[in-house]
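Chain residues, written in single-letter form:
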Amino acid sequence: MGGRGHSADRSPSPVREERSGRGTRVRLGSARGRRRPLSTHLSAPRPRVFRGVREVFWKPPFPYGVHCTDCQVWRRLSSLHLLQTGGAAEPNARESVPDLRTYCGLALDPTQVAGVLDDCLCDIDSIDNFNTYKIFPKIKKLQERDYFRYYKVNLKRPCPFWAEDGHCSIKDCHVEPCPESKIPVGIKAGHSNKYLKAVNNTKELEDCEQATKLGAINSTLSNESKEAFIDWARYDDSQDHFCELDDERSPAAQYVDLLLNPERYTGYKGPSAWRVWNSIYEENCFKPRSVYRPLNPLAPSRGEDDGESFYTWLEGLCLEKRVFYKLISGLHASINLHLCANYLLEETWGKPSWGPNIKEFKRRFDPVETKGEGPRRLKNLYFLYLIELRALSKVAPYFERAIVDLYTGNTEEDADTKTLLLSVFQDTKSFPMHFDEKSMFAGDKKGAKSLKEEFRLHFKNISRIMDCVGCDKCRLWGKLQTQGLGTALKILFSEKEIQKLPENSPSKGFQLTRQEIVALLNAFGRLSTSIRELQNFKVLLQHR
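Here's what I pulled together on the structure shown here. (Residues numbered from 1 in each chain as written. Predicted model: local features only at pLDDT ≥ 70, side-chain atom pairs only at ≥ 80, totals over all residues. Heavy atoms only, no water.)

**Considering the overall build of the protein**
- In terms of helices and strands, the protein carries 16 helices and 10 strands.
- Taking all 544 residues of the protein together, 54% fall into the buried category.
- Total accessible area on the protein is roughly 25,200 Å²; 50% of this is exposed by carbon and sulfur atoms. (Helix = DSSP H or I, 4+ residues; strand = E, 2+ residues; numbered from the N terminus. Buried < 20%, exposed > 50% of the residue type's maximum accessible area, 1.4 Å probe, protein only. Areas by Shrake-Rupley, 256 points an atom, 1.4 Å probe, with all protein chains shown as cover.)

Here's what the structure looks like:
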């Protein structure tokens, strides 16, 4: 299939060596246009990309067997080093020369992930700064607002793929829902109340952290809009949903206060947890069974391979399938970061103490303990952040309309919540290095449409696998974050529908349910928190 998103099949360009007064430069292929001077000092490594070509600069001697996630030049660098040493590497070559994994974004310290991300032109430092100083403070406040802190979810749906192997009995796996009796009638009306203010003058209840404020999007409909509203109610959104949505009208669906049920380490692990992730990766990531993921305990011994064959296979895929894998890997990394940052450190007199666990963090992300996998996964976390950031910038027009009001019943707070949300959208639109979703599904129309549908169905299948998670709290946050990502994908590929939104009436072409909105913002909030927690671990490791 042709198009801009399918250039991975081209043969790799040969390495060319050039001499200059500042050191040796190794180039992959050729870059058109003027050359840009880049520092070659070992103290300030930074791979650069221009016109789609990556160049790695350093002073000799060259490292032996450098692993590079982005361009996979380590074999070529090894060969070049052998040529410089007369065909044989020094006995202590690995120890005597610097390890330049940091130059390709694979730092020895897992918190020192750096460089330019694959399949886009954004560097990690820019994301760190943008998230720390603009996004994180606002998104944290937004998640504390009543509209976004309550999420309706069905945690009792049976696993559709295998027999249940029992729910986690650990107390920290338990989710405390808001009692149904405490939810006002106007809120329980759900779908029929989506565009109408709930008339509810009952006294505000004290239970369940003021759950009475919870509501749906409020809009005032004119008579002329009623027909459009009816059309929208009949709209079959199964064609654009990337997730299996819970039926909010089901008796098993309950409101959960996300602030009272935070995502953290619960002790849920073992065969049940591994089965879920194995099913996601092995059956839904476009991967043949003959290709084994690194650190997969079910894979046979591969000697010194260390995942090389997997990444050779991955780089040979089209852009869309590479993106799919990186999204799942990034989500997995983000969840692992949350568990490391909110770990049960001790329990005294029945009072648990939660906090960052450096040992657990290193076990999951240290490049030595994970054979280089940890930093790769963290880079995928940043890639996922870019995807959801792009979705927020694209969906801003939907919320900027006067018709949309984040209704909870508290007029003053509702206005403040929408103002804060629009401020977040303005920040997302100001980010200068967005992922270009137009590079995806850009081949011939028939092939692109088929691939997009396959992409959608694979992700929808993953959202169904979340009902197989045995720990309720893990299931809650797994469902929310996959639904948030699914909503982001729905937004990215609905640009034309969003552009046609009417200002003062609902549209049958593109709609977001309250469930999707809450999932979208909280899922992005989790990613923002993950990147912030990564910075915290950096400080902790520096002061050990």
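**As for the packing of helix H9 (residues 319-341) against helix H16 (residues 514-542)**
- It is the contact of H9 with H16, at a shortest axis distance of 9 Å, that shows an interaxial angle of 55°. In terms of orientation, H9 lies oblique with respect to H16. In this structure, H9 meets H16 at a crossing whose hand is left-handed. Residue-level contacts link Ser334, Leu337, His338, Cys340 and Ala341 of H9 to Arg526, Leu527, Ser530, Glu533, Leu534 and Phe537 of H16.
- Counted by class, the contact of H9 with H16 contains six nonpolar, three polar and two charged residues. (Axes fitted to C-alpha atoms, helices over the stretch in contact; angles between N-to-C directions. Parallel < 35°, antiparallel > 145°, perpendicular 65-115°, else oblique. Left-handed = near helix turned anticlockwise from the far one by under 90°. Contact = heavy atoms within 4.5 Å. Nonpolar A, V, L, I, M, F, W, Y, C, P; charged D, E, K, R; others polar.)

**Concerning the side chain of Ser530**
- Mapping Ser530 onto the fold places it in helix H16.
- Among the polar contacts made by the side chain of Ser530, one reaches the side chain of His338 at a distance of 2.5 Å.
- For Ser530, the residues in contact, after removing those within four places along its chain, are Ser334, Leu337, His338 and Leu381. (Polar contact = N/O pair within 3.5 Å; in protein donor to acceptor, adjacent residues only side chain to side chain.)

**Concerning the state of the cysteines**
- In total, this model carries one disulfide according to the counting rule given.
- There is a disulfide in this structure between Cys159 and Cys468, and the S-S distance comes to 2.0 Å. When the S-S torsion is 75°, as for the bridge of Cys159 with Cys468, the disulfide is right-handed. Here Cys468 lies in the loop between helix H13 (445-465) and helix H14 (472-492) and Cys159 lies in the loop between strand S5 (150-154) and helix H5 (185-188), a separation of 309 residues in the sequence. Comparing Cys159 with Cys468 shows no difference in burial state: the two are buried. (Disulfide = S-S within 2.5 Å.)

**Some thoughts on H16**
- For H16, with 29 residues, the first-to-last C-alpha span of 42 Å sits near the 42 Å given by 1.5 Å per residue.
- Counted residue by residue, H16 has 23 buried out of 29 residues, so it is predominantly covered. (Expected span 1.5 Å × (residues − 1).)

**Points about the nonpolar core**
- Grouped together as the largest cluster of nonpolar side chains are 116 residues, with contacts concentrated most on Ile127, Leu327, Ile328, Tyr385, Phe399, Leu476 and Leu489.
- In terms of residue count, the dominant contributor to this core is helix H11 (residues 373-400) (15 residues).
- Aside from chain neighbours lying at most four places away, what touches Ile328 is Trp277, Ile280, Tyr281, Cys285, Phe459 and Ile462. (Core = buried A, V, L, I, M, F, W, Y, C linked by side-chain atoms within 4.5 Å.)

**Here's the deal with the environment of Lys500**
- Locating Lys500 in the fold gives a position in the loop between helix H15 (495-499) and H16.
- Note on Lys500: relative accessible area 69%, which makes it exposed.
- Sequence-wise, Lys500 and Phe510 are 10 residues apart; in three dimensions their C-alpha atoms are separated by 9.0 Å.

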